[in-house]
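Examining the three-dimensional arrangement
Take a look at the letters that make up each chain.
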Amino acid sequence: MRIEDQKILAALPDLGVDRKPGASLAEITYLGIGGTTDLLRMKKHESIPDVLNLLDAGGIPFKFLGGGSNLLVADGELPWVVVQLAQPDPDVVIEGNFAMVDASAELGRMVTFCAKRDLGGMEGLIGVPGTVGGALRMNAGAYGIQIGTYVREVKVYRAAGRTIEVLKGDQISFEYRHTSFAPDDMMLAVKLELPSKPFREILQGIRICNEKRRASQPLGQKSAGCIFKNPPGASAGRMIDELGLKGLSVGDARVSDRHANFFVNAGTASAEDMLALIADVRERVRKAYGFELENEVVVWNA
Ligand code: EPU
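The notes below deal with the structure included here. Predicted, not measured: the structure shown is a model, and the values here were computed from it.

Okay, the overall build of the protein next. Of regular secondary structure, the protein possesses 8 helices and 19 strands. Along the first, second and third principal axes, the C-alpha set of the protein runs to 55 × 50 × 30 Å. The burial tally for the protein puts 48% of its 302 residues in the buried class. A sequence separation of at least 24 residues applies to 65% of the contacts in the protein between residues at least 6 apart. When the accessible surface of the protein is summed, it comes to about 13,800 Å², and 49% of that surface belongs to carbon and sulfur atoms. When the 35 basic and 38 acidic side-chain charges of the protein are each reduced to a single mean position, those positions are 4 Å apart.

Structure (structure tokens):
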């Protein structure tokens, strides 16, 4: 979707918005799939309510984008614009055991930045791609660690009331790959409380997690990480593997040979290809095991 209303276009720069017309979501997302639309990068948190009110008044639907690492976007010209936070400098500020982090900060870089200041706890998250905002929204986790454990405050734009609010950690529930945020809440910043730990020790933990990840996940390929959540007490990857589905393809969408819950874009897969592969694998697992696998990847249909 292209913004054509001249009044809106004229107002955007003063509101701290940098517009990239006709941006390709295939170039932004880790899966390398997705159509085109206007991308609005917001440089000022304070003006977000005004920008979004302006879009509403102009009848322009929008979606919030984090780092694009856990996202499957529809093909073609998309019927909404995409709003994303621009990265401030610095994007992490440390005060004692607290880290104040902008939602646009890259998760892995933030973990390393804190580690260098002897703040640990998040070693398992080092290889998880994406932004801190995206990790927060879905309570990203790996190797027994979830980001929610360390959250003390979240600054969030709440689309429902069109206001920016600061929520305390205990006002938010963090569960396995799920939080109590509304689907249209936009993460702006977070305050984390991290345990003190010597850098060397943290580095050791990071190395172990990196090795495990390299051994079990297709890191060099285009993917959105795990496609399905693990059902309680079971492993989606193991079930898909046991069914012999590694390598199963629809077009260039393919079940990874390395980890069966990673579906990769082996070339120029379309969203349609990937969705067909997801539906096919879900159905086979349902028939064989009786589990209805739930998407872990977020799907933006047109
Ligand atoms: N397994 C297989 N075949 C496979 C893949 C896995 O037999 O192709 C087996 C493994 O041998 C292991 C079990 O299944 O016994 C679990 O596999 P793994 O340790 O790789 O963990 P996972 O449950 O598949 C979860 C997260 C990952 C995270 C890892 C490491 C989910 C859906 N996935 O994977 O997160 O990196 O643990 O902690 O919770 C993601 O969220 O996108 C993601 C990749």
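Under the definition given, this model contains 0 disulfides. For the unlinked cysteine Cys114, the closest cysteine sulfur is that of Cys209, found at 16 Å. Cys226 provides the cysteine sulfur closest to Cys209, a residue in no disulfide bond, and the two sulfurs are 15 Å apart.

Take the pattern of salt bridges next. In total, this model carries 17 salt bridges according to the counting rule given. Each of Arg158, Glu165 and Asp185 takes part in a single network of salt bridges with overlapping partners.

In this section: the site of the ligand. The local shell around the ligand holds 20 residues, among which Tyr143, Tyr176, Asn230, Arg238 and Asp241 are the closest. Residue Gln217 places a side-chain N or O atom 3.0 Å away from an oxygen atom belonging to the ligand. Here the shell around the ligand gets 3 residues from one element, more than from any other, and that element is helix H7 (residues 236-242). Class assignment of the residues belonging to the shell around the ligand gives a composition of 7 nonpolar, 7 polar and 6 charged.

It is worth spelling out helix H4 (residues 107-116) at this point. For an α-helix, 3.6 residues make a turn, and residues three or four places apart therefore share a direction. Buried within H4 are the following residues: Leu107, Gly108, Met110, Val111, Cys114 and Ala115. Projected onto a plane normal to the axis of H4, the buried residues spread over an arc of 160° and lie on a single side. Looking at the packing, one finds that the buried side of H4 touches strand S6 (92-95), strand S7 (98-102), helix H5 (132-137), strand S14 (185-193) and helix H6 (199-216). With its phi angle positive at about 65°, Asp118 sits one or two positions after the end of H4.

Applying the stated criterion across every chain yields a total of 5 aromatic pairs. Seen in terms of ring centroids, Phe64 and Tyr157 are 6.4 Å apart; in terms of plane orientation they differ by 85°. Their pairing is edge-to-face. With Phe64 in strand S3 (residues 62-65) and Tyr157 in strand S10 (residues 151-158), this pair connects stretches of sequence that are 93 residues apart. Both rings, one in Trp80 and one in Trp300, keep their centres 5.5 Å apart while their planes meet at 80°; by these two values the pair is edge-to-face. Of this pair, Trp80 sits in the loop between strand S4 (71-73) and strand S5 (81-85) while Trp300 sits in strand S19 (residues 298-300), and the two are 220 residues apart along the sequence. With respect to burial, Trp80 and Trp300 carry one shared label: buried. An aromatic cluster is defined as three or more aromatic residues linked by ring pairs; in this entry it consists of Phe62, Phe64 and Tyr157. Across the ring face of Phe113, the terminal group of Arg117 is positioned such that the distance to the ring centre comes to 3.6 Å. The positively charged end of Lys191 is found above the aromatic ring belonging to Phe98, 4.6 Å away from the centroid.

In this section: the nonpolar core. Counting 57 residues, the largest nonpolar core has Ile3, Leu55, Val101, Met110, Met122, Val154 and Leu192 as its most contacted members. Residues within four places of Leu192 in sequence aside, it is in contact with Asn97, Phe98, Ala99, Val101, Met110, Met122, Ile147, Tyr150 and Val151. Ala236, Ala271, Ile278 and Val285 belong to the second-largest nonpolar core, a separate cluster that totals 23 residues.

Turning our attention to helix H8 (residues 271-289). The first and last C-alpha atoms of H8 sit 26 Å apart over 19 residues, in line with the 27 Å expected at 1.5 Å per residue. Taken residue by residue, H8 has Ala271, Asp273, Met274, Leu277, Ile278, Val281, Arg282 and Val285 as its buried positions. For H8, the angular spread of buried residues about the axis comes to 165°, placing them on one side. In H8, those exposed residues whose orientation departs by more than 90 degrees from the buried face are Glu272 and Lys287.

Turning our eyes to something else, we now look at the sheet that holds strand S16 (residues 249-250). Note: strands within a sheet are paired through backbone hydrogen bonds, in either parallel or antiparallel orientation. Pairing within the open sheet is antiparallel, and its 4 strands lie in the order S15-S18-S17-S16. Among the strands making up the open sheet, the edge pair consists of strand S15 (222-226) and S16. Relative to strand S18 (residues 262-265), S15 is paired through 3 bridges, and the arrangement is antiparallel. By the bridge assignment for S18, Cys226 is matched with Phe262.

Turning to its location among the elements, Thr29 is positioned in the loop between helix H2 (25-28) and strand S2 (36-42). Among the residues examined, Thr29 registers a relative accessible area of 5% and is labelled buried. Beyond its immediate chain neighbours, meaning those up to four positions away, Thr29 contacts Gly68, Leu71 and Val73.

What counts as what
Residues numbered from 1 in each chain as written. Predicted model: local features only at pLDDT ≥ 70, side-chain atom pairs only at ≥ 80, totals over all residues. Heavy atoms only, no water. Helix = DSSP H or I, 4+ residues; strand = E, 2+ residues; numbered from the N terminus. Buried < 20%, exposed > 50% of the residue type's maximum accessible area, 1.4 Å probe, protein only. Contact = heavy atoms within 4.5 Å. Areas by Shrake-Rupley, 256 points an atom, 1.4 Å probe, with all protein chains shown as cover. Lys, Arg positive; Asp, Glu negative; His and termini not counted. Charge placed at Lys NZ, Arg CZ, Asp CG, Glu CD. Disulfide = S-S within 2.5 Å. Salt bridge = Lys/Arg side-chain N within 4 Å of Asp/Glu carboxyl O. Near = heavy atom within 4 Å. Polar contact = N/O pair within 3.5 Å; in protein donor to acceptor, adjacent residues only side chain to side chain. Nonpolar A, V, L, I, M, F, W, Y, C, P; charged D, E, K, R; others polar. Arc of directions from axis to C-beta. Phe/Tyr/Trp six-rings, centres within 6.5 Å; stacked < 30°, edge-to-face > 60°. Lys NZ or Arg CZ within 6 Å of the ring centre and 35° of its normal. Core = buried A, V, L, I, M, F, W, Y, C linked by side-chain atoms within 4.5 Å. Expected span 1.5 Å × (residues − 1). Pairing = 2+ DSSP bridges.

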